[in-house]
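In case you want the letters, here they are:
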Amino acid sequence: MRTLIVWTIAGAALLMAQHVQDEDKKKRNPAIGNLAAIAAGEKAFNAGCAGCHGTGGTGGRGPNLANGRVMWHTLSDEATFNRIKEGVPSGGMPPTPGSDEKIWQLAAYVVALRAPASESPQSGDPVLGKTLFWGKAGCNECHSILGKGGKIGPDLSDAGGSRSATVIRLAIEDPGSNGSKGFEKAHIVLKDGRTLDGVLKNRNNFSLQLQDAKGDLHLLLMTSVKEMTVARNSVMPANYKSRLTAAEIDALVAYLAQQTGRKS
Amino acid sequence: MIKIVTITLLLAAAALAQVRPEDILKSPNADWLTYAGDYRGTRHSPLNQITAANAPSLVPKWVYHVPKATKLEATPLVHKGVMFVTAPNEVRALDARTGRLIWEWHDGRAKRSDVNRGAGLLGENVYVATSDCFLTALNQKTGALLWQRQYADSNKGVFCSSAPFAVKDRVLVGTAGGDTGMRGFVAAMNANTGNEMWRFYTVPAKGEKGSETWGEYVEWGGAATWLSGTYDPDLNTLYWTTGNPWPDFYDGDRKGDNLYSCSVIALDVDTGKLKWYFQFTPGDTHDWDGQSWPVLLDREVNGKARKILVHPNRNGFYYVIDRVTGEFLHATKLNDLVDWATGIDARGRPIKVRGKDPSPAGTKACPGVRGGANWMAPTFSPQTGLFYVITFEQCDIYTSSAKKPEPMAGFSGGGAGVKPRDAGTFYLRALDPATGKRIWQYPMPGPGIAWSGTVSTAGGVVFVGDDDGHLIALEAKTGKHLWHFQMGEHLFASPMTYAVDGKQFVAIASATAVFSFGLFEPAQSVPLVNTNE
């Protein structure tokens, strides 16, 4: 019996070692993280892939690669390479012509679509974006970066390190796309007659958290609330797409992509 | 006039929202503003709603499960009804009355993930150290990142786990990693900017005074500072304990006292200058870090009123030291199982027993490697005059290896706890703090893996986590059991207490969740509120 166990363990160890070797043999994408290569991949994507997958990979006839529910991100580098090179005939995706280098660049761009914005090239002007953020666009009235700015909106100190460029862009162009929970404006009348105005951060039938314009938190039990009026929309303005030019939105995305929290 | 009054009221409201140094001086009360509750490390709360008479009516009020947590070690802080809880590279703010999440912050770029023991509060900020030693300041209300400053290099064997300690206009930070080679230090960082104000290395550099007590590997000597310190505002002095010398179990390359390992150091909080030090275990070879924080008390010792510092040490002895001068006053055996030294001499040095050092074949010595006491929080109740400390009765077999030390490679010069290992027994002991005399003890039979400590209250109750996942309440005067609650998992953190809207709570982190308890109240029906949506 003991011999059997020993052989079983030895066999399992061999299989595991083989598995590790197989993983090591798989090709790694040399272009991942290389901003120039990703930019070249973007150019190739726009020329050959955006027709189906949409500009910025946001979907069309083909799947959304930027923030949709597709499974490509679980593929290994090599499998992503093969998928692009050989296509998916059953799904109507044709093979992609070109050198291996071009395919690796395309694959790196596809990975970067979901990677933190700070790790992918941005076309916009971050200097203009900074001016807009702290000026005309008024982002700083609600959002903060490293301690400066408003307190009502999410802190953007690590926007570029924690969000992809697509997610940042969508939040600017279509803030309601992720729902308004946590950012609804509310007017509350308490049973003692006082009233409170602010943003509903979090609520259920028993308690709620309201943040007022000064940023102060009001942690209330619903037994103290007489009535409240809750807006359906997020307090984030929904008109940036019409207020700002495409280049200005690109600039804001580029500026936010640079925000990665840690400085040292 | 109205304008002036309005401005004054607004300023007053703003001040109330801030944690001022004078607020921390008054902590704990309804709030619990610093890791040990108060600067002196006594962890005694004046809250008295929960008493020895009504403690049997305690019930859980809420539970917050910290996502992906496996071993929470933090003591929560509470300020104005908001609780701050840390996990490795994470901070969460909870509604202390309901347990609901307000905000959370996570550092996705931290290069390590080790245990974390808590946060610090000052002004509008909450401070936490990431595992890779970035002191991080967040806004208390929103969790927004204000700044991060790296104060130690995790590529040089250091990691950071202790709660930042806010004193005056600065935040004191410590270091961990002493079991695999590093150089310990305490540093003061500006609370507003994070800029370093001073640094005191607990291992001198080659050629500096004290380096003659080391050997070749002095730059990797350890003496980590992995638990927060204590502070006497009247003496403007910071007290900090230090860990073991490295390699832990083999001293062939570091013959000598190995200053300032296994010590308590007294530092000028303004300059970081060493005022005095006292070494508990010179040239330690049993991994007996001196880590439990020094508790600062004013007591009569041998008929004379003294400002003292008391310390239940991992080496099995209980020490009383004059905290003004560093004069050693006396030490007594904390544990029954102490065989490496027969006592402590008049100078404070151990009277060692031959043949108790680790050896290649293994040497049995007591206490075991986890110590007669460890970092589990002690408490002192001025109401009972007793000092409460978790102690551990156990021995280990210690081995040593003369292999050439390699820093940062998991090498500690040997080991301890060769199997079969005695599981040992934990006891909560109530001592006379001035003499170390044992007044009562409460045994806690269990599997021998307890890491929870204590908090005492003016309600005459001591809360403590036991050795089998219970939070228990004992009568502070006698040790009589009053109440217990099974948390469902082992405990690695110490309890604390706070109040919101006049109601007292007792909270503790289990391995994966934060629990808060209060006195039973019948549930009230909560009518639905019209939201006019």
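A few words now on the overall build of chain A. Secondary structure assignment for chain A yields ten helices and seven strands. Looking at chain A as a whole, 39% of its 264 residues are labelled buried. The long-range share in chain A, meaning contacts at least 24 apart out of those at least 6 apart in sequence, stands at 58%. Taken as a whole, chain A presents about 14,600 Å² of accessible surface, with 57% of it coming from carbon and sulfur.

Let's shift gears to the sheet that holds strand S3 (residues 77–79) of chain B. Residue and element names in this part refer to chain B. Strands sit in the order S3-S4-S5-S6 across an open sheet of four strands; the sheet is antiparallel. Both outer strands of the open sheet, S3 and strand S6 (101–106), are each paired with one neighbouring strand and no more. Strand-to-strand, the axes of this sheet are offset by a mean angle of 20°, without reference to chain direction. As judged from the six bridges shared by strand S4 (residues 82–87) and strand S5 (residues 90–95), these two strands associate in the antiparallel manner. The residue of S5 that forms the bridge with Thr-86 is Val-91.

It is worth spelling out the packing of aromatic side chains at this point. Residues and elements named next belong to chain B. All chains considered together, the criterion is met by 33 aromatic pairs over all chains. Considering the side-chain rings of Phe-278 and Phe-328, the 5.5 Å spacing of their centres and the 5° angle between planes classify their relative orientation as stacked. Residue Phe-278 is located in strand S20 (residues 274–279), and its partner Phe-328 is located in strand S24 (residues 328–333); the two are separated by 50 residues in the primary sequence. Here Phe-278 matches Phe-328 in class, with each residue buried. Each ring, one from Trp-288 and one from Tyr-398, has its centre 6.3 Å from the other, and the planes form 85°; the classification is edge-to-face. Pair noted here: Trp-288 is in the loop between S20 and strand S21 (295–301) and Tyr-398 is in strand S30 (residues 396–400), with a separation of 110 residues, a long-range link. Side by side, Trp-288 and Tyr-398 carry an identical accessibility label, which is buried. Through pairs of rings, three or more aromatic residues link up here, namely Phe-249, Trp-288, Phe-317, Trp-340 and Tyr-398. The ring of Trp-375 has Arg-117 lying over it, and the distance from NZ or CZ to the ring centre is 4.3 Å.

It is worth spelling out the confidence of the model for chain B at this point. All names here are of chain B. With 97% of its residues at a pLDDT of 70 or more, chain B shows a mean pLDDT of 95. With pLDDT under 50 throughout, residues 1–15 is counted as low confidence; its partners more than four residues away or in other chains account for two contacts. Across the assembled chains, the prediction reports ipTM 0.86 with pTM 0.89.

Looking now at the packing of helix H2 (residues 35–48) of chain A against helix H5 (residues 100–114) of chain A. Residues and elements named next belong to chain A. Remark: H2 packs on H5, axes separated minimally by 7 Å, with the N-to-C direction vectors making an angle of 95°. Taken together, the axes of H2 and H5 are roughly perpendicular relative to one another. Packed against H2, whose contacting residues are Ala-37, Ile-38, Ala-40, Gly-41, Glu-42, Ala-44 and Phe-45, the element H5 presents Lys-102, Gln-105, Leu-106, Ala-108, Tyr-109, Val-110 and Ala-112 at the interface. Residue composition of the contact of H2 with H5, grouped by class: ten nonpolar, two polar and two charged.

With that out of the way, let us pick up the pattern of salt bridges. All names here are of chain B. Under the defined criterion, the tally for this structure stands at 39 salt bridges over all chains. Of the charged contacts in the structure, one is a salt bridge between Asp-257 and Arg-349, with a shortest N-O distance of 3.0 Å. Separated by 92 residues along the polypeptide, Asp-257 in the loop between strand S18 (237–241) and strand S19 (263–268) and Arg-349 in the loop between strand S25 (341–344) and strand S26 (350–352) bring together distant segments of the chain. Given the relative accessible area of 29%, Arg-349 is considered partly exposed. The shortest N-O distance in the salt bridge between Arg-429 and Glu-393 comes to 2.8 Å. A residue pair is termed long-range when its members are at least 10 positions apart, and Arg-429 in strand S32 (residues 425–431) and Glu-393 in strand S29 (residues 386–393) qualify at 36 residues. Like Glu-393, Arg-429 is buried. Connected through salt bridges with shared partners, the residues Arg-40, Asp-232, Asp-234, Asp-298 and Arg-323 form a single ionic network.

How each quantity is defined
Residues numbered from 1 in each chain as written. Chains lettered and ligands numbered in written order. Predicted model: local features only at pLDDT ≥ 70, side-chain atom pairs only at ≥ 80, totals over all residues. Heavy atoms only, no water. Helix = DSSP H or I, 4+ residues; strand = E, 2+ residues; numbered from the N terminus. Buried < 20%, exposed > 50% of the residue type's maximum accessible area, 1.4 Å probe, protein only. Contact = heavy atoms within 4.5 Å. Areas by Shrake-Rupley, 256 points an atom, 1.4 Å probe, with all protein chains shown as cover. Pairing = 2+ DSSP bridges. Axes fitted to C-alpha atoms, helices over the stretch in contact; angles between N-to-C directions. Phe/Tyr/Trp six-rings, centres within 6.5 Å; stacked < 30°, edge-to-face > 60°. Lys NZ or Arg CZ within 6 Å of the ring centre and 35° of its normal. pLDDT = per-residue confidence, 0-100. Parallel < 35°, antiparallel > 145°, perpendicular 65-115°, else oblique. Nonpolar A, V, L, I, M, F, W, Y, C, P; charged D, E, K, R; others polar. Salt bridge = Lys/Arg side-chain N within 4 Å of Asp/Glu carboxyl O.

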